[in-house]
Amino acid sequence: EANKNIFVSPLSMYYALAMAGTGSNGETKNEFIELLGWNDMTDEEILGAMKELTDDLTPANDQVTLSIANSLWQKQGAEVKEDYKELAQDYFDAEVRELDFTSPEAVERINSWIEVKTNNLIQDMLDQIPPDAFMYLINAIYFKGDWKSTFDEEDSYAGTFLNENNEQVDVTYMTQFSTFKYLKNDMLSSIKLPYADSNFYMAIYLPNDGYTTADVVGYLSSGEI
């Protein structure tokens, strides 16, 4: 949507796709393997890797909060193999629930779960449940962290920024003097701002003159950076 900020979590999509992929078979399973980079991995290795991923993402201190929650919502009366539901619980720590999708409260039940797991930041995710819906696989991620090197509010100042539409917009700039990892090439400038837990950082990419955000996204997707 124009003039709206968009936040996308590839990790969240990976978890949801992984839950679906581990429950698939045949050609569908092969497509998930190719998509998620599971080539040459056994089922046991895939499940172990998903379990380790969550452990590796655990913050090292209480200045960073990262909550990852998975859930599986099964249509009431639908046949779902018990071993798959156990797999979702054991390796994805997923909450498995059976729900009457035709109930007027069904949408609110799922939306409430998402709101709780994201500290009320994501609300009204669903507005309806289609009649042919069989199951919802949901991942919710909440992150909040303090900067390792903090910004002083007194050092902020008002200025203008030239956006992608060549429009000058009023913004507030934050400033500080410290040492950060920085990259500049023909296409972009980039900086990494670490959080208090040095395993986590914010990477910011600014296109150079003559380039767009789409150019930068394509460049990042190419694996050259």
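Structure report, in brief. All figures in this text were calculated on a predicted structure; none of them were measured in a lab.

1. Things to note about the environment of Tyr-136
Then step 1. For Tyr-136, the position within the fold is in strand β3 (residues 135-145).
Then step 2. Residues Tyr-136 and Ile-68 lie 68 residues apart in sequence; the distance between their C-alpha atoms is 17 Å.
Then step 3. Ignoring anything within four residues of it in the chain, the contact list for Tyr-136 reads Ser-71, Leu-72, Trp-73, Phe-101, Ile-110, Leu-126, Gln-128, Ile-129 and Pro-130.

2. Focus on the nonpolar core
Then step 1. The biggest cluster of nonpolar side chains holds 23 residues, and the ones touching the most others in it are Ala-18, Trp-38, Met-50, Tyr-84, Phe-92 and Phe-200.
Then step 2. If you list the elements that add at least two residues to this core, you get α1 (10-22), α2 (26-36), α3 (43-56), β1 (64-75) and α4 (82-92).
Then step 3. Residues in contact with Met-50, not counting those within four places in the same chain, are Tyr-14, Tyr-15, Ala-18, Trp-38, Tyr-91 and Phe-92.
Then step 4. Among the nonpolar cores identified, the runner-up in size contains 15 residues, and Phe-101, Ala-106, Trp-113 and Tyr-136 belong to it.

3. Regarding the pairing of strand β6 (residues 181-184)
Then step 1. Across four bridges, β6 lies against strand β7 (residues 188-194) in antiparallel orientation. When the sheet's bridge partners are listed, Tyr-182 is paired in β7 with Ile-191.
Then step 2. Connecting the antiparallel pair β6 and β7 is a turn made up of three residues.

4. Considering the packing of α1 against α4
Then step 1. Here α1 crosses α4 at 140°, and the two axes come no closer than 10 Å. α1 and α4 meet at a crossing whose hand is right-handed. From α1, Tyr-15, Ala-18, Met-19, Ala-20 and Thr-22 reach across to α4, where they touch Tyr-84, Leu-87 and Phe-92.
Then step 2. Along the lines of polarity and charge, the residues of the contact of α1 with α4 split into seven nonpolar, one polar and no charged.

5. Description of α1
Then step 1. End to end, α1 covers 18 Å across 13 residues, agreeing with the expected 18 Å (1.5 Å per residue, within 8%).
Then step 2. Listed as buried for α1 are Ser-12, Tyr-15, Ala-18, Met-19, Gly-21 and Thr-22.
Then step 3. Buried-residue contacts for α1 involve α2, α3, β1, α4 and β3.

6. Quick word on the environment of Val-80
Then step 1. Within the secondary structure layout, Val-80 lies in the loop between β1 and α4.
Then step 2. Using a relative accessible area of 15% as the deciding quantity, one classes Val-80 as buried.
Then step 3. Through-space distance from the C-alpha of Val-80 to that of Met-135 is 9.4 Å; in sequence the pair is 55 residues apart.
Then step 4. Not counting residues up to four positions away in its chain, the partners in contact with Val-80 are Gln-74, Lys-85, Phe-134 and Met-135.

Rules used throughout
Residues numbered from 1 in each chain as written. Predicted model: local features only at pLDDT ≥ 70, side-chain atom pairs only at ≥ 80, totals over all residues. Heavy atoms only, no water. Helix = DSSP H or I, 4+ residues; strand = E, 2+ residues; numbered from the N terminus. Contact = heavy atoms within 4.5 Å. Core = buried A, V, L, I, M, F, W, Y, C linked by side-chain atoms within 4.5 Å. Buried < 20%, exposed > 50% of the residue type's maximum accessible area, 1.4 Å probe, protein only. Pairing = 2+ DSSP bridges. Axes fitted to C-alpha atoms, helices over the stretch in contact; angles between N-to-C directions. Left-handed = near helix turned anticlockwise from the far one by under 90°. Nonpolar A, V, L, I, M, F, W, Y, C, P; charged D, E, K, R; others polar. Expected span 1.5 Å × (residues − 1).

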